Amino acid sequence: MAIMAAELHFDLTLYPEPILRKQADPVTAFDADLKATIAAMFERMVASKGVGLAAPQVGLKLRILVLNPTGEKADDLVLVNPTITARGGPDTMFDEGCLSFPGIYAEIKRPDRCTVTAFDGDGNKIEREFDGFVSRIIQHEYDHLEGVLLVDRMSPADKLKNRAALDELVGAYLSKQKKQSAAQR
Ligand code: ZN
C-alpha cells in the first residue's frame, strides 16, 4: 500500500549493534507490509548513497536484500529469502564499503560469479547467475543475513588501517547504550 510505504522510514543500524550479528529469519508472507518494507529499504539505500542494503541494517531480522548497481530505477533488484547456491569464477579484489560502517573501506576478496535462488517482492521465484559488480553486492549483502560483516573479511592490514574508525563506532554505540539505560532509570 502506497500510504504505508510513505509512512515507513528506516534509520541505519550501525556496527556493533547486536542485530547485525544475528542470522536473519525467512520472510513468511508476501503482503503489503513486505512491499512497504522493501520500498522503505530502497528509500534508505538511495538516501544513504548505497548500492545495496540488507534488512538487518535497518533493524529488521529478516532475509530481504535490495540493491541497485547503477542508480537507474530499472536496475532495482529485490531478493527475498535468497540462497547463494553456487559461487565461481576467478577471485577478485574490490574496495568495499558498508552503510553499517560509515567511512570504512577494505579490499575484500570474493569469487566473481554467484548463482542465486530467491523470491521477488510479489513472491515470484527468481533463479539467476550474476557476475561482476552485481554479484559482489549480492555476496556482501548476503553476508549480512548470516551475521557476517565487513570487519570479519578484512585483512589484518585493513583492520589496522581502520582501527581508529572502528573504535569510534564502538564508542558511539556504547555511549548511546549508556544514555538509553540512564533514560530507563
Ligand atoms: Zn554492508
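Structural data are supplied above this passage.
Note that the structure is a prediction, hence the values are computed from the model and not measured. (Residues numbered from 1 in each chain as written. Predicted model: local features only at pLDDT ≥ 70, side-chain atom pairs only at ≥ 80, totals over all residues. Heavy atoms only, no water.)

A. Representation of helix α2 (residues 32-47) in the model. End to end, α2 covers 22 Å across 16 residues, agreeing with the expected 22 Å (1.5 Å per residue, within 8%). Taken together, the buried positions of α2 are Leu34, Ala36, Thr37, Ile38, Ala40, Met41, Phe42 and Met45. Immediately beyond the C-terminal end of α2, within one or two residues, lies Lys49, with a positive phi of roughly 60 degrees. (Helix = DSSP H or I, 4+ residues; strand = E, 2+ residues; numbered from the N terminus. Expected span 1.5 Å × (residues − 1). Buried < 20%, exposed > 50% of the residue type's maximum accessible area, 1.4 Å probe, protein only.)

B. The coordination of the zinc ion, seen in detail. Cys98 (SG), His140 (NE2) and His144 (NE2) make up the full set of protein donors to the zinc ion, lying at 2.0 to 2.2 Å. Counting the intervening residues between successive donors of the zinc ion yields the motif C-x41-H-x3-H. In this pair, Cys98 is assigned in the loop between β3 (77-96) and β4 (106-119) and His140 in helix α3 (residues 132-145), connecting sequence segments 42 residues apart. By relative accessible area, which is 8% here, His140 ends up buried. (Donors = N, O, S within 2.8 Å, 3.2 Å for Na, K, Ca; no water.)

C. Region of interest: the side chain of Glu141. Along the chain, Glu141 falls in helix α3. Buried charge Glu141 goes without a salt bridge, the closest partner of opposite sign being Arg110 at 8.5 Å. Sequence-distant contacts of Glu141, defined by excluding residues within four places in its chain, comprise Gly52, Leu53, Ala54, Gln57 and Leu65. (Lys, Arg positive; Asp, Glu negative; His and termini not counted. Salt bridge = Lys/Arg side-chain N within 4 Å of Asp/Glu carboxyl O. Contact = heavy atoms within 4.5 Å.)

D. Structural detail: unusual backbone geometry. Residue Pro16 is reached from Tyr15 by a cis peptide bond, and omega for that bond is 5 degrees. Considering the arrangement of structural elements, one finds Pro16 in the loop between α1 (2-7) and α2. If you check the backbone angles, Lys49 has positive phi at about 60 degrees while not being a glycine. Mapping Lys49 onto the fold places it in the loop between α2 and β1 (52-54). On the accessibility criterion, Lys49 (74% relative accessible area) is exposed. Non-glycine residue Asn81 carries a positive phi angle of around 50 degrees. Locating Asn81 in the fold gives a position in strand β3.

E. Here's a closer look at the pairing of β4. Examined bridge by bridge, β3 and β4 share 12 bridges and lie antiparallel to one another. When the sheet's bridge partners are listed, Thr83 is paired in β4 with Thr117. Across 6 bridges, β4 lies against strand β5 (residues 125-130) in antiparallel orientation. Within the sheet, the bridge partner assigned to Ala118 lies in β5 and is Ile126. Between β4 and β5, which pair antiparallel one after the other, the connecting turn spans 5 residues, and Gly123 there sits at a positive phi close to 90 degrees. (Pairing = 2+ DSSP bridges.)

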